[in-house]
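# A structural walkthrough
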2 protein chains.
Amino acid sequence: MSLKTASRVLNGEPNVATATRERVQDAAASLGFRRNAVAADLARGGLSRLVGFITGDLANEFYSALASGIERELREHGLQLLTASSDEDPEREASLTGELIERRVGALIVTPAGADHSALRGEIAAGLPVVVVDRPAAGMDADTVVIDNRGGTRAAVAHLLAHGHRRIAFVGDEPHLWTYQERSDEFLAALREAGVADAERWVRSGAHDAAAARDLVLELLAAPEPPTAILAANNRATVGTLQALRDTPGGDQVAVVGFDDFELADLLGITVVAYDAVEMGRRAAELAVARSADPDRTVEQVVLPTRVVPRGSGERPPR
Amino acid sequence: MSLKTASRVLNGEPNVATATRERVQDAAASLGFRRNAVAADLARGGLSRLVGFITGDLANEFYSALASGIERELREHGLQLLTASSDEDPEREASLTGELIERRVGALIVTPAGADHSALRGEIAAGLPVVVVDRPAAGMDADTVVIDNRGGTRAAVAHLLAHGHRRIAFVGDEPHLWTYQERSDEFLAALREAGVADAERWVRSGAHDAAAARDLVLELLAAPEPPTAILAANNRATVGTLQALRDTPGGDQVAVVGFDDFELADLLGITVVAYDAVEMGRRAAELAVARSADPDRTVEQVVLPTRVVPRGSGERPPR
DNA sequence: CTGTTAGCGCTTTCAA
DNA sequence: TTGAAAGCGCTAACAG
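Here the structure is a predicted model, which means the values were calculated and not measured. (Residues numbered from 1 in each chain as written. Chains lettered and ligands numbered in written order. Predicted model: local features only at pLDDT ≥ 70, side-chain atom pairs only at ≥ 80, totals over all residues. Heavy atoms only, no water.)

## Concerning a nonpolar patch on the surface
Residue and element names in this part refer to chain A. Together, Leu-10, Leu-31 and Phe-33 give the surface a local cluster of nonpolar side chains, amounting to about 310 Å² of exposed area. Along the polypeptide, Leu-31 turns up in helix α2 (residues 18-31). With relative accessibility at 70%, the residue Leu-31 sits in the exposed group. (Patch = residues over 30% accessible without salt bridge, like charges linked within 9 Å, V, L, I, M, F, W, Y side chains within 5 Å. Areas by Shrake-Rupley, 256 points an atom, 1.4 Å probe, with all protein chains shown as cover. Salt bridge = Lys/Arg side-chain N within 4 Å of Asp/Glu carboxyl O. Helix = DSSP H or I, 4+ residues; strand = E, 2+ residues; numbered from the N terminus. Buried < 20%, exposed > 50% of the residue type's maximum accessible area, 1.4 Å probe, protein only.)

## Concerning the relation of the copies chain B and chain A
Once turned by 180° and shifted 0.0 Å along the axis, chain B lies on chain A with an RMSD of 0.1 Å. Such a turn and shift between the copies fits a two-fold axis. Of every C-alpha in chain B, the one belonging to Leu-82 of chain B sits nearest the axis of rotation, 2.4 Å from it. Looking at the interface residues of chain B, 100% of them are also at the interface in chain A, so both copies use one shared face. (Least-squares fit on C-alpha atoms with pLDDT ≥ 70 in both. Contact = heavy atoms within 4.5 Å.)

## Describing the protein's contact with DNA strand D
In the region of DNA strand D, 21 residues are neighbours, and Ser-7, Asn-11 and Arg-35 of chain A together with Thr-5 and Thr-20 of chain B sit closest. When atoms of DNA strand D within 4 Å of the protein are split into backbone and base, the sugar-phosphate part holds 64%. For the surface near DNA strand D, the secondary structure elements donating two or more residues are α1 (3-10) and α3 (37-43) of chain A together with α1 (3-10) and α3 (37-43) of chain B. (Near = heavy atom within 4 Å.)

## Comments concerning the nonpolar core
With 130 residues, the main nonpolar core has Ile-109 and Phe-187 of chain A together with Ile-109 and Phe-187 of chain B as its most contacted residues. Setting aside its immediate chain neighbours within four residues, Phe-187 of chain B contacts Thr-153, Val-157, Ile-168, Ala-169, Phe-170, Trp-202, Val-203 and Leu-231 of chain B. Ranked by size, the runner-up nonpolar core spans 34 residues in total, among them Leu-100, Leu-108, Leu-128 and Ala-142 of chain A. (Core = buried A, V, L, I, M, F, W, Y, C linked by side-chain atoms within 4.5 Å.)

## Observations regarding the layout of surface pockets
Residue and element names in this part refer to chain A. Reported here for the second largest pocket is a volume of approximately 690 Å³. If you trace the second largest pocket, you find 33 residues lining it, with Leu-47, Val-105, Gly-106, Leu-128 and Pro-129 closest to the centre. Taken together, the elements giving at least two residues each to the lining of the second largest pocket come down to β1 (50-55), α6 (118-125) and α12 (277-293). For the lining of the second largest pocket, the element with the highest residue contribution is α12, accounting for four residues. When the residues that make up the lining of the second largest pocket are grouped by side-chain class, the tally is 17 nonpolar, seven polar and nine charged. (1 Å grid on protein atoms, 1.4 Å probe; cavity = no way out; pocket = protein on both sides within 12 Å on 5 of 7 lines; lining within 4 Å. Points joined across faces, edges and corners; volume = space filled by probe spheres on them. Nonpolar A, V, L, I, M, F, W, Y, C, P; charged D, E, K, R; others polar.)

## Concerning the sheet that holds strand β5 (residues 143-147) of chain A
In space, the twelve strands of this open sheet follow the order β11(A)-β5(A)-β4(A)-β3(A)-β1(A)-β2(A)-β2(B)-β1(B)-β3(B)-β4(B)-β5(B)-β11(B), with mixed pairing throughout. Only two strands of the sheet have a single partner each, and these edge strands are β11 (301-304) of chain A together with β11 (301-304) of chain B. The mean angle between the axes of side-by-side strands here comes to 20°, regardless of whether they run parallel or antiparallel. (Pairing = 2+ DSSP bridges. Axes fitted to C-alpha atoms, helices over the stretch in contact; angles between N-to-C directions.)

## A few points about a negative patch on the surface
A cluster of acidic side chains, namely Glu-61 and Glu-263 of chain A together with Glu-61 and Glu-263 of chain B, defines a negative patch on the protein surface. By the element assignment, Glu-61 of chain B lies in helix α4 (residues 61-76). According to the relative accessible area criterion, Glu-61 of chain B is partly exposed, its value standing at 40%. (Lys, Arg positive; Asp, Glu negative; His and termini not counted. Charge placed at Lys NZ, Arg CZ, Asp CG, Glu CD.)

## Considerations on the interface of chain B and chain A
Listed as interface residues are 46 residues of chain B and, on the opposing side, 46 residues of chain A. Its largest share of buried area at the contact with chain A, chain B owes to Arg-34, Arg-103 and Leu-267 of chain B, together 16% of the area lost on that side. Taken together, the links from chain B to chain A amount to 25 residue pairs in polar contact (both at pLDDT 80 or more). Of all the secondary structure elements, the ones that give two or more residues to the side of chain B that touches chain A are α3, α4, β2 (80-85), α5 (90-102), α10 (235-246) and α11 (265-268) of chain B. Judged from the three bridges that link them, strand β2 (residues 80-85) of chain A and β2 of chain B form a sheet pairing that is antiparallel. Within β2 of chain B, the position partnered with Leu-81 of chain A by the bridge is Thr-83 of chain B. (Buried area = accessible area lost by both parts, 1.4 Å probe. Polar contact = N/O pair within 3.5 Å; in protein donor to acceptor, adjacent residues only side chain to side chain.)

Take a look at the structure:
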């Protein structure tokens, strides 16, 4: 029989006699035959059934939640996930982008590390479906999934204000990150609207890991007029803040709200601004699939909601 | 000029005149040319520069730590990571294995879900480098990376015994898991050697998630003769145990040692049996690469050490 | 329902 | 140093 007939059977195409079909299947099974998806994709015109995901650090629970959501959604569409970590390094990000494109991924999902997205822009222009997650890529017309950073920050500050706080500190990541910008901006705006003078003095940056956050908070607490409440602007900042409070006499009096939920927040009684990272990934994958199917659809900007989950630490009154 | 010359330049092969080389590079740049890794791999004889990783659940921090270690090591060898989640379902695992093989991965790294590894065995026989992580696959001659479950358990029990405990409970995952077997076996052995009668009565299973663990521990604590110490046999069991202790009067008197370290264990003062999951992944990738290079090397069984990290919860004396 | 022919974009001989 | 030809394993288009 011909090659083509076998191909038809193996691809589940119609128009094959049942007898022939069975013959092929038997042969394939007994020979341990496996179709070659690489060759198939090539013949079909280049694109593979792979979707690339370029992320800061797979070991970070936020990114792995994203990856999990992405993978789950892709699976529904018969697509596979190709992961690469940029270590938040823009240069690595660019080279990984190149590698994935050479692998002919059908789409790319990225949490952009740097500010320069010229590489990505070119690919989009060349027709590659690109979805940007967590942080929009400035000046790029790409599908985007972010959370409502401003709304979440606003709600957190309102929560603390409602509990009587005025001296509220903000402990954030690196200032060049978009999420930092959004959150700190909104923090300042909310404080000013509440009539807090000199709001800037309460903002700290550089809490890229727990240790750095801890130091920042220790410093804040040692000042002549320490804050009565702290908004920790990401999960690592929250950990560092908690460490600092533990190590400071009276630290358990200070109110804390953390941005990003985490598994043990419940156990620790930490009030947080929560959102669904797995869902973020799922939505991103959905957009990637949609754009692959229809390159001309209008660009979509998905903003996922956040909510304040009160668990005790954010409801302490000011000392 | 010929196709081949261009190919040589793009692959950095020697024997090209500098002038020609430059001409090709300019052309490639101005045309936005990208080589097609899919076609290249096909022409080169089938195998792609991809390594597959089949894991239980990417969102679980243990697996994502593995993935991170794997990815980092593969990168060193110019390989890319293709991830797939089995949801701990043996059937899904088998079908994913098939998909990855059709994608012509150069090697496969697996945390086997079920007990039946016939599919994998066939692939190994067919020459596919397979590395098994976290749990050995019974009856298979595959490279393996596991931690010293027995040693870790033994050390944890010794730690609790040394602090005067005799009524020590074991809260573990599903009994069919290899890690459960190892840990519970060794737990029983250690208890018996210490002269604890009727050791089996202290063993509980089914703590596959925190909620289940919590219920198990609540039950233990409500018994007429409650344990004075608990060995939580995985990270979710630890969380559930802590929840149960929080919700039980006097629960803060009960000693706890958790298997698996976690970020907030330090903050919570939880004594744990720790090991390096990222390193596990790295070693697995290393083995995968080594076997790809030399299919005939002897099968290697890597056992990574564990260590007890005392942080307070495991040092409480019996009530 | 089945087969033939021509590629997909690259690499690998081997020859010039 | 360069090039021509063959083919990796498959599919798409068209015949039979």
